[in-house]
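Observations on chain architecture
Here is what each chain is made of, one letter per residue.
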Amino acid sequence: MRGDVGQCGSRILAITDTVRSESIRSAAFEAYAAQSGGSVPEALTVVVQLTDHDGDTPPVLAVAPMIDGLSSRQRMFDCEGDVITMPSVREDEASASFSGTESERRGLVLQRWDLSAGQRTIAPVVDEAGNPIDLDEGQGVSDYVAIRVGNEYRFVSWGGDAFAVDPASGQGHHLFSLDAPTYGPDGYLATFQVSESGVYALKDRRADRVVTLSYRPWEGGQWRDIFTTGDLAWYLREGVVTGALDIQSFALRPGWDGGAQ
């Protein structure tokens, strides 16, 4: 099973499609035919429940036509009751230039899955003036970590792009991006965690594997280094027997907010 995986209440759910997950094709198309009563598209996007079910095939909770150019690749859902809201990217193929796909317009959208109705809606994320928020070539929303702050869903992607979005209204804005190169001799590998006050980045410098924990408030501040250590270098570097290792994640002690001071 491949796709977006996250938690909604006590349930672990996956959002996949009938192309990648052939075992659910029959159940998905049956659910869509019962829902639409009309013609069935060639491929469907499907929400399935991975926990607490009988049999080999997970139950289908919602279905919708598969849309080319709509991508998310998430491991977290914003879930309220039976409604999942998931920031995603949608490419506008109509605006692509003759040179190819690199110049396509990419917009930030919200996929909203209503599990009680078994349906999906897609809405663009707009700024205060009501204009759609387009992502530049380097920005993304994949594999984010997120937290609810008031009415906003605030998240930072694996690439260090931070956004704030109101799931109810669809209004949002880009907050900042990580100001550290990811490639080259001075490049970093980075992983993130979030609190209500801001974002923590654990940066692993590729050249010498020196690790730095940094903090930045969601709004109105700059990155500030909390500590830097070379003690992990011996472990992360490529050795005679093992290849180079990467830090995949880190945890903050509950209640600790040292970076916000």
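All of the points below concern the structure found in this document. (Residues numbered from 1 in each chain as written. Predicted model: local features only at pLDDT ≥ 70, side-chain atom pairs only at ≥ 80, totals over all residues. Heavy atoms only, no water.)

Another aspect to go through is the state of the cysteines. Disulfides are covalent bonds that connect the sulfur atoms of two cysteines. For the structure on display, the rule yields one disulfide. C8 shares a disulfide with C79; S-S distance 1.8 Å. Note on the C8 and C79 pair: the S-S dihedral is about 40 degrees, so by sign convention the disulfide is right-handed. Taken together, the residues C8 in strand β1 (residues 4-8) and C79 in strand β6 (residues 78-80) connect sequence positions 71 residues apart. (Disulfide = S-S within 2.5 Å. Helix = DSSP H or I, 4+ residues; strand = E, 2+ residues; numbered from the N terminus.)

Here we take up the environment of R73. Here R73 lies in the loop between β5 (70-71) and β6. Taking relative accessible area as the criterion, R73 reaches 45% and is therefore assigned partly exposed. Leaving out residues up to four positions away in the same chain, R73 has contacts with D4, S142, D143 and W158. (Buried < 20%, exposed > 50% of the residue type's maximum accessible area, 1.4 Å probe, protein only. Contact = heavy atoms within 4.5 Å.)

What follows is about the sheet that holds β1. Taken in spatial order, the four strands of this open sheet run β1-β2-β3-β4, and their pairing is antiparallel. Here the strands that pair on one side only, and so sit at the sheet edges, are β1 and β4 (60-65). Along the sheet, successive strands turn relative to each other by an average axial angle of 20 degrees, direction set aside. Inspection of the sheet shows strand β2 (residues 11-17) paired to strand β3 (residues 44-49) by five bridges, in the antiparallel sense. Residue pairing across strands places T16 opposite V46, the latter belonging to β3. Sitting on the sheet, helix α1 (residues 25-36) is in contact with β3 and β4, with an inclination near 75 degrees to β4. (Pairing = 2+ DSSP bridges. Axes fitted to C-alpha atoms, helices over the stretch in contact; angles between N-to-C directions.)

What follows concerns unusual backbone geometry. Look at R73: it is not a glycine, yet its phi comes out positive at around 55 degrees. Backbone geometry places R209, a non-glycine residue, at a positive phi of 60 degrees. Inspection of the secondary structure puts R209 in the loop between β16 (198-205) and β17 (211-217). Given the relative accessible area of 6%, R209 is considered buried.

Below, the discussion takes up the pattern of salt bridges. Under the counting rule described, the total for this entry stands at ten salt bridges. R73 is paired through a salt bridge with D143; the nearest N and O atoms lie 3.3 Å apart. Taken as a pair, R73 in the loop between β5 and β6 and D143 in the loop between β10 (134-135) and β11 (145-149) lie far apart in primary sequence, 70 residues in all. Look at D143 and you get partly exposed, because its relative accessible area is 29%. (Salt bridge = Lys/Arg side-chain N within 4 Å of Asp/Glu carboxyl O.)

Right, let's get into the sheet that holds strand β18 (residues 224-229). A sheet is described by the order of its strands in space; here four strands give the open sequence β15-β16-β17-β18, paired in antiparallel fashion. On the outer flanks of this sheet lie β15 (188-194) and β18, each paired with one strand and no other. The sheet shows a mean angle of 20 degrees between the axes of neighbouring strands, direction not considered. Sheet topology places β17 next to β18; five bridges connect them, and they run antiparallel. Within β18, the position partnered with T212 by the bridge is T228.

Turning to the layout of surface pockets, a few remarks are in order. Each pocket or cavity is described by its volume, and for the second largest pocket that value is around 170 Å³. Lining the second largest pocket are 13 residues; nearest its centre among them are R90, R105, G107, V109 and P124. Those elements that place two or more of their residues in the lining of the second largest pocket are β7 (83-92), β8 (105-114) and β9 (119-124). Per element, the largest residue contribution to the lining of the second largest pocket is five residues, and it comes from β8. Among the residues making up the lining of the second largest pocket, the classes are represented as seven nonpolar, one polar and five charged. (1 Å grid on protein atoms, 1.4 Å probe; cavity = no way out; pocket = protein on both sides within 12 Å on 5 of 7 lines; lining within 4 Å. Points joined across faces, edges and corners; volume = space filled by probe spheres on them. Nonpolar A, V, L, I, M, F, W, Y, C, P; charged D, E, K, R; others polar.)

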